[in-house]
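Here's the letter readout for the chains.
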Amino acid sequence: DFVHILQQQAVLNVMNKLLRAFLVPISILVFDQIFKFLATKNLLPQVGSFFETISCNSGIAFSIQLPTSAFIVLWLLSIAVIVYLLKLEKNNLALLFILGGAISNIIDRIFDGCVTDYITLLNIPTFNFADVAITLGASWFVIRVLFSKK
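Quick caveat: nothing in here was measured; it's all calculated off a predicted structure.

**Re the overall build of the protein chain**
No. 1: When helices and strands are counted, the protein chain shows four helices and four strands.
No. 2: When its helices and strands are written in sequence order, the protein chain yields α-β-α-α-β-β-β-α.
No. 3: Projected onto its principal axes, the C-alpha positions of the protein chain cover 60 × 35 × 30 Å.
No. 4: Taken over 150 residues, the protein chain has a buried fraction of 29%.
No. 5: Long-range pairs, those at least 24 residues apart, make up 68% of the contacts in the protein chain with a sequence separation of at least 6.
No. 6: In the structure as shown, the protein chain presents an accessible area of about 10,100 Å², 73% of it carried by carbon and sulfur atoms.

This is the structure in structure tokens:
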């Protein structure tokens with residue numbers, strides 16, 4: 001009957017949103033961690049100078065150094081803001097990109113004391129896939145905010 005079909009559709013919509021909410025950040029995290037592992041074992045193919053430099057970045061973006069206490073405060077505030085924004089706007093793909101990248105880099109920092117960077121491009125400081133996800137997510141989020149019709 002019609003009501004049963006609508007109920008099934010509602011359940012499928014909720015499951016789809018939950019799957020995306022977990023799948024996007026976890027996929028980014030896994031992909032980045034695999035590349036970091038391959039980079040540290042020198043298993044990435046040399047494509048020009050693309051994977052030429054592997055570094056252990058103990059700083060934040062662009063290797064800017066911060067005292068540990070300042071880094072922890074900044075990290076906690078960042079995660080709190082992302083979680084708050086996700087509560088306001090559930091399943092925001094841009095925020096899920098940022099969350100996946102942030103978690104991957106935090107895992108590095110917790111277990112290695114630094115973030116493994118492995119992508120070298122032009123004169124940009126060495127970076128990783130998690131950084132790409134964070135940058136894309138932040139850019140996408142800002143563009144959505146600036147051009148939303150609300």
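From this point, the discussion proceeds with the structure in view.
**Side note on the environment of Thr135**
No. 1: Of note, Thr135 is situated in helix H4 (residues 129–147).
No. 2: Residue Thr135 is classed as partly exposed on the basis of its relative accessible area, which comes to 47%.
No. 3: In the structure, Thr135 is positioned 41 residues away from Ala94 in sequence and 9.6 Å away in space, judged by C-alpha atoms.

**Structural notes on the pairing of strand S4 (residues 124–127)**
No. 1: Relative to S4, strand S3 (residues 119–121) runs antiparallel, the two sharing two bridges. Bridge assignment links Ile119 to a residue of S4, and that residue is Phe127.
No. 2: Taking the residues that link successive antiparallel strands as the turn, the S3-S4 hairpin has two residues, and the phi of Leu122 there is positive, at about 55 degrees.

**Description of the nonpolar core**
Inside soluble globular proteins, nonpolar side chains tend to come together where they are buried.
No. 1: By size, the foremost hydrophobic cluster in this structure holds 13 residues, and its most contacted members are Ile82, Leu86, Leu95 and Leu99.
No. 2: If you list the elements that add at least two residues to this core, you get helix H1 (2–40), helix H2 (68–88), helix H3 (93–112) and H4.
No. 3: Broken down by element, the residue count for this core peaks at six residues, all from H3.
No. 4: Among the nonpolar cores identified, the runner-up in size contains six residues, and Ala39, Phe51, Tyr118 and Ile119 belong to it.

**Here we look at the pattern of salt bridges**
No. 1: According to the stated counting rule, one finds two salt bridges in the structure shown.
No. 2: Note that Asp32 and Lys36 form a salt bridge whose closest N and O atoms lie 2.6 Å from each other. Pair noted here: Asp32 and Lys36 are both in helix H1, with a separation of four residues, about one helical turn.
No. 3: Residue Asp32 is classed as buried on the basis of its relative accessible area, which comes to 0%.
No. 4: With relative accessibility at 3%, the residue Lys36 sits in the buried group.
No. 5: A single salt-bridge network, built from bridges that share partners, covers Asp32, Lys36 and Asp108.

**Quick notes on the packing of H1 against H4**
No. 1: Contact geometry for H1 and H4: axes closest at 8 Å, N-to-C directions at 145 degrees. Within the contact between the two elements, H1 uses Ile28, Phe31 and Asp32 and H4 uses Phe129, Ala130 and Ala133.
No. 2: Its residues assigned to classes, the contact of H1 with H4 shows five nonpolar, no polar and one charged.

What counts, and where the lines are drawn
Residues numbered from 1 in each chain as written. Predicted model: local features only at pLDDT ≥ 70, side-chain atom pairs only at ≥ 80, totals over all residues. Heavy atoms only, no water. Helix = DSSP H or I, 4+ residues; strand = E, 2+ residues; numbered from the N terminus. Buried < 20%, exposed > 50% of the residue type's maximum accessible area, 1.4 Å probe, protein only. Contact = heavy atoms within 4.5 Å. Areas by Shrake-Rupley, 256 points an atom, 1.4 Å probe, with all protein chains shown as cover. Pairing = 2+ DSSP bridges. Core = buried A, V, L, I, M, F, W, Y, C linked by side-chain atoms within 4.5 Å. Salt bridge = Lys/Arg side-chain N within 4 Å of Asp/Glu carboxyl O. Axes fitted to C-alpha atoms, helices over the stretch in contact; angles between N-to-C directions. Nonpolar A, V, L, I, M, F, W, Y, C, P; charged D, E, K, R; others polar.

All quantities given are derived from atomic positions and should not be read as evidence of function.
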